[in-house]
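Residue-level listing of the chains:
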Amino acid sequence: MKITQLKTNQIVNPLGFAIDKPTFSWIVEDTADTFQTAAQVLVSRDGAFDQVIFDSGKVDGSGIDSLAYRPPVALESRTRYFWKARLWGETESAESDAAWFETSKMGEGWQAEWITPDCEDNTLHPILYRQFDLPSRAVNARAYICGLGLYHFELNGEKVGDEVFTPYCNAYDQWIQYQTFDITSQLAVGSNLISVMLGNGWYKGRYGADKGVVGFYGDRFALICELHITLENGDDLIVTTDPAWKVQPSPVIESDIFDGEMVDARIKKTPSADHSFGVKPIDLDKTRLEARRSLPVCINEEIEPVAVIHTPAGETVLDMGQNMTGWLRFRTSAPSGTRIHLQFGEVLQGGNFFRDNLRTAKAEYTYIADGTDAVVEPYFTFFGFRYVKISGWTGDLNLDDFTGCVIYSKMDLTGEIETSNAKVNQLIKNALWSQKGNFLDIPTDCPQRDERLGWTGDIQVFSGTACFNMDAAAFLAKFAYDLGKEQTKTGGMVPHIVPMVNLNKGGSTAWGDVATILPWTLYEFYGDVDILDQQFESMRAWVDYIKTIDESSGGKRLWTEGLHFGDWLSLDIPVHPDPRRGGTPHDFIASAFYCYSAELVAKAARLLGKAEHAEAYAQLSAEVKAAIQTEYFTATGRLAVPTQTGYVLALFMDLVPDAFREQVKDDFIARLRKDNAHLQTGFVGTPYLCRVLSNIGANDLAYTLLLNEDYPSWLYAVNLGATTIWERWNSLNPDGSISSTGMNSLNHYAYGSIVEWMVRDMCGLNPSSGADALTGFRAARIAPKPDKSLQWVRARYRSAAGFYESGWHIDEAGHLTIKIAIPFNASAAVVLPGARVGEISINGHPMHDGEQIGDSVELTLATGNYTFEYFIRDKAVRA
């Protein structure tokens, strides 16, 4: 028995994060036992556990839940706490290694001042620095720091930590994150130098919607920093930002999220009195400073370029072989004054470098050499690219001199799927790469053009896939926190983008419903009710905002007002002057999500013990459902919105009158067959499309949609060489030419939501759901839906409760093998499709358990590995 994955507030050993009440979680591996008989948690001020401040004692049964255990401890600021878990099964026991978390400044005031360079030119990129002396060795030292827009922090000439883009992207007018770093090992006895280089970033540079604006949140560079140092001789020393600091020009001449960076290596970072000047205080509100919530953004992977291309236009272009987010690191010894110019793009056109789809984003990097051997990479920008055009290179261009640095928020990969179809496998990889490329502190729409914004609709539809691919709990909780902050300015309206930046618009159905759907998805996947507690007022505020619109337009319990994105980028006949908004009436989509979101608020309220709210929002949801059934269904059961997305929403959100459900299912299938078994859906309908088909007896159509290779389909992009998910179904034409440049990203994850269907239906792995269910995969529902169009599939998922596996293999004779694994202290309701009681073997022996329900056999299983074999005897699986 082994206890692993110890996390505090969903983070491994968090240093200086916002932790008011610690929540511990872990998983158990490598045991033959099946359930927890007792557990114990200890919290101490030291790693040896000689100073224990909390001991739960040995708690029998499941009184201590490894998904989320909250010890009742009062925390002190700037203090490291250690904790460990002990666990007993039926025959084995284990004790974990020690984990730790360290608190931030919490409620402490700041002794440091916000400072800014004392010069009129607020475009000059500065290095702020100070020298200080230590009379004896430092035994404990922390830096509490924030620089605006972005900061690069060095001590004694060495970078502190491995993070980039601190202090990250959030609603700076609402709150500003500071970071905590352990700097003990970087301090020396005697003279020390602290230096902080500042860049524009999201705060000060060109950023936002409609080509962005410069300096939306602020137009001055600024820094605040406190070093808290304990010396070997027992003294405490605090070094703060104050008027004694100095400034000198940085080698970074220009920096911008959209446009890139220019660096002149001839300008040295080493402080020089000849080039320095002073600082002055700047009036920034210290009360907006909060402990960090953003996960570290780091170089998480490195890839090598696959080819040098000499284009028909005479260009030299590197092909990375993968559309990625980050930058190109290179080695050079070019003569002083040489300008090496890199431009970044996603696709070639006519064999030549192309980047018109980046719109106004320059997406370039210029390095002016100083004549020395150097390893070069940016400080304050990133790019979305596969191809890099290189100009100004001296000497031979050697692939070994270049490395692609893949940048995203530090999250573990938790899920993997593999199938017998290589093209489907590439599609799965594409969805993961689009998630990596767009999970850079905020869940963006795209990483390359003049946008890179936290569009709420995109993450709403992709959140389930995101939580399977990666441990996204802390990442998405931070985004949700930002969302709630923005809603305080809008009366509950959810902005189109978070942070809002310069787009003070919102209130679109499906986009705004991220306020309810995202927290509920996180609760389902991770089983920690804290996310519902954190976001409950945000959830309520969004539904109340819709209700206010409803009341002001007659109180019909329908949402018929406002401007919506509709079924964005769908392919059916549009019903709006903007054809991108789709063919499904917006009032139907809006009313459907109104009903759905009200129901989710009711479920959350029930879990949080808010009985009055639970009753009120359940009643509201029921009233909206009744109004939808009156307005959008005929007396004979026809849906008055006969689009693919109309049927999908009606069925997925349980809006169909019970008496007409079979008819609506049949009508939907007929609709799809009329469309030649090809999708017509956009951002709203696509995430649910195959999920609905697999659950209404049309599983074969779901597989058909997955495996279609002509336009429109997922594999159409794969056949054209896509390595990420496209924004449009036809981002490229069949001949490889780009279909448009105005709004056309080749790295947009929304349509990657098909992976959630692969997990939930193709492989059959689902968290239990509902207000009373055991979520976080403590209990699961494993209901694979195979189809002979694939020979085999398998999924492995490290859930919050432990490792699950689910896969199947089917041969031409209809012999089906299903293999599943259920982790320790978990259970699963297993559904075997097309099976008959008495005709199934389990682990090589006849199976006598199970209940025959229609064409399936259902049973509940505890921890273990199981192999089921039988011949399918009905039409549950297409021949």
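Residues numbered from 1 in each chain as written. Predicted model: local features only at pLDDT ≥ 70, side-chain atom pairs only at ≥ 80, totals over all residues. Heavy atoms only, no water.

A few points about the overall build of the chain
Short version of the rule: Helix and strand labels come from DSSP, where a helix needs a run of H or I of at least four residues and a strand needs a run of E of at least two; each type is numbered from the N terminus. Radius of gyration means the value over C-alpha atoms here, while the globule rule gives 2.2 Å times the residue count to the 0.38 power. Only protein chains enter the accessibility calculation, which uses a 1.4 Å probe. A residue is then buried if its area is under 20% of the maximum for its type, exposed if over 50%, and partly exposed in between. Contacts between residues were defined by any pair of non-hydrogen atoms, one from each residue, lying within 4.5 Å. Per-residue accessibility takes into account occlusion by the displayed protein chains alone, with areas from the Shrake-Rupley method and a 1.4 Å probe. The positive count covers Lys and Arg only, the negative count covers Asp and Glu only, and His and the chain ends enter neither. We put the charge of a Lys on NZ, of an Arg on CZ, of an Asp on CG and of a Glu on CD.
Summing up its helical and strand segments, the chain has 14 helices and 46 strands in all. Against the 2.2 N^0.38 benchmark of 29 Å for 879 residues, the chain shows a C-alpha radius of gyration of 28 Å, consistent with a compact globule. Per-residue burial for the chain yields a buried fraction of 63% across its 879 residues. If you take every contact in the chain between residues at least 6 apart in sequence, the share linking residues at least 24 apart comes to 73%. For the chain, the accessible area works out to roughly 30,900 Å², and carbon and sulfur atoms hold 47% of it. Taking the average place of the 77 positive charges on the side chains of the chain and the average place of its 112 negative ones, the gap between the two points comes to 2 Å.

Some thoughts on the pairing of strand β21 (residues 252–256)
The test is simple: Between any two strands, pairing holds if DSSP finds at least two bridges.
Sheet topology note: the β21/strand β22 (residues 260–264) ladder contains four bridges and is antiparallel. Bridge pairing links Asp256 to Gly260 in β22. Between β21 and β22, which follow one another and run antiparallel, lie three residues.

Let's talk about empty space enclosed by the protein
The line we're drawing: Grid spacing is 1 Å over the protein atoms alone, the probe is 1.4 Å, and a cavity is where that probe fits but cannot get out, while a pocket is an open set with protein on both sides within 12 Å along at least five of seven lines and lining residues have an atom within 4 Å of a point. Grid points are joined across faces, edges and corners, and a volume is the space filled by probe spheres set on the points. Gly is put with the polar residues, along with every residue not named as nonpolar or charged; the nonpolar set is Ala, Val, Leu, Ile, Met, Phe, Trp, Tyr, Cys and Pro, and the charged set is Asp, Glu, Lys and Arg.
Taken as a whole, this structure holds six cavities of 30 Å³ or more when the rule is applied. Around the largest cavity sit 15 residues that line it, and Lys7, Gln10, Asp471, Ser799 and Ala800 are the ones nearest its centre. Counting only elements with at least two residues in the lining of the largest cavity, the list comes to β1 (2–8), β2 (24–29), α5 (514–526) and β40 (792–799). Considering only residue class, the lining of the largest cavity consists of seven nonpolar, five polar and three charged. Approximately 90 Å³ is the volume found for the second largest cavity. Taken together, 13 residues form the lining of the second largest cavity, with Trp714, Ala717, Ile725, Trp726 and Trp729 sitting closest to its centre. For the lining of the second largest cavity, the secondary-structure elements that each account for two or more residues are α2 (422–438) and α13 (714–719).

Comments concerning helix α12 (residues 699–707)
Within α12, seven of the nine residues are buried, leaving the element largely enclosed by the surrounding structure. Within the sequence span of α12, burial applies to Asn699, Leu701, Ala702, Tyr703, Leu705, Leu706 and Leu707. Close packing links the buried residues of α12 with α2, α10 (661–674), α11 (686–694), α13, α14 (754–762) and β41 (802–810).

A few points about the packing of helix α6 (residues 530–552) against helix α7 (residues 586–607)
Helix packing for two helices is described by the angle between their axes and how far apart those axes are. What counts is decided by this rule: Orientation is described by axes fitted as lines to C-alpha atoms, over the contacting stretch for helices, and by angles from 0 to 180 degrees between their N-to-C directions. By the definition used in this description, the sense in which the near helix is turned from the far one sets the handedness, with an anticlockwise turn below a right angle giving left-handed and a clockwise turn giving right-handed.
Viewed as axis vectors pointing N to C, α6 and α7 meet at an angle of 145°, and their least axial separation amounts to 10 Å. Here α6 and α7 pass one another in a crossing that is left-handed. Residues Leu532, Phe536, Met539, Arg540, Trp542, Val543, Ile546, Lys547 and Asp550 of α6 lie in contact with α7, whose contacting residues are Tyr594, Ser597, Ala598, Leu600, Val601, Ala604, Ala605 and Leu607. Residue composition of the contact of α6 with α7, grouped by class: 13 nonpolar, one polar and three charged.

Quick word on the environment of Glu108
We count it as follows: Distance and chemistry together define a polar contact, namely a pair of N or O atoms within 3.5 Å, with one atom able to donate a hydrogen and the other to accept it when in protein, and with adjacent residues in sequence counting only for side-chain atoms on both sides.
You can see Glu108 is positioned in the loop between β8 (99–102) and β9 (115–117). Non-local contacts of Glu108, meaning those with residues more than four positions away in its chain, are made with Ser77 and Arg78. Polar contacts involving the side chain of Glu108 include one to the side chain of Ser77, which spans 2.9 Å. Here the side chain of Glu108 touches Arg78 through a polar contact of 2.9 Å, side chain to side chain.

With respect to the state of the cysteines
Which entries qualify depends on this criterion: Disulfide: a pair of cysteine sulfur atoms within 2.5 Å of each other.
Per the stated rule, a full pass over the model turns up zero disulfides. The closest cysteine sulfur to the non-disulfide-bonded Cys146 is located on Cys225, 10 Å from its own sulfur. Counting only cysteine sulfurs, Cys763 is the nearest neighbor of Cys690, a cysteine outside any disulfide, at a range of 13 Å. Look at Cys690 and you get buried, because its relative accessible area is 1%.

Some details on the pattern of salt bridges
How we decide: Each reported salt bridge corresponds to a side-chain nitrogen of Lys or Arg within 4 Å of a carboxyl oxygen of Asp or Glu.
Counting across every chain of the model gives 60 salt bridges. Linking Arg359 and Glu451 is a salt bridge whose minimum nitrogen-to-oxygen distance equals 3.0 Å. On the criterion of sequence distance, the pair formed by Arg359 in the loop between β30 (352–354) and β31 (364–368) and Glu451 in the loop between β37 (442–443) and α3 (456–469) is long-range, its members being 92 residues apart. Classification of Glu451 by relative accessible area gives buried; the value is 9%. Ionic pairing is found between Lys489 and Glu486, a salt bridge with its closest N-O pair at 2.8 Å. Shared partners join several salt bridges into a network, and the residues in it are Lys21, Arg70, Asp528, Asp530 and Asp533.

Description of the packing of aromatic side chains
Formally: Two aromatic rings, drawn from Phe, Tyr or Trp (for Trp, its six-membered ring), form a pair once their centres lie within 6.5 Å of each other, and the interplanar angle then sorts them: stacked below 30 degrees, edge-to-face above 60, tilted otherwise. The rule for a charge over a ring is simple: NZ of Lys or CZ of Arg within 6 Å of the ring centre, and within 35 degrees of the ring normal.
Counted according to the given criterion, the structure contains 49 aromatic pairs. Ring-pair connections join several aromatic residues into one group, and the members of that group are Trp455, Trp511, Phe565, Trp568, Phe683, Trp714, Trp729 and Tyr751. Taking NZ or CZ as reference, Lys84 lies 4.4 Å from the ring centre of Phe49, over its face.

Some remarks on unusual backbone geometry
The omega torsion across Thr166 and Pro167 is 10°, close enough to zero to call that bond cis. Relative to the helices and strands, Pro167 resides in the loop between β13 (158–159) and β14 (176–182). Residues Val498 and Pro499 are joined by a peptide bond in cis, for which omega reads -5°. Mapped onto the elements of the fold, Pro499 is located in the loop between α4 (473–487) and α5. Non-glycine residue Ala363 carries a positive phi angle of around 45°. Within the element layout of this structure, Ala363 appears in the loop between β30 and β31. Phi is positive for Asp441, close to 70°, though the residue is something other than glycine. Among the secondary structure elements, Asp441 is positioned in the loop between β36 (439–440) and β37.

Notes on the nonpolar core
Heads up, the condition is: Buried residues of nine kinds, namely Ala, Val, Leu, Ile, Met, Phe, Trp, Tyr and Cys, make up a nonpolar core once their side-chain atoms join them within 4.5 Å.
Trp26, Phe165, Met762, Leu832 and Phe868 are the most contacted members of the largest nonpolar core, which totals 249 residues. With 14 residues, the single largest contributor to this core is α7. The next biggest cluster of nonpolar side chains, apart from the first, holds 28 residues, and it includes Leu155, Val160, Leu227 and Ile229.

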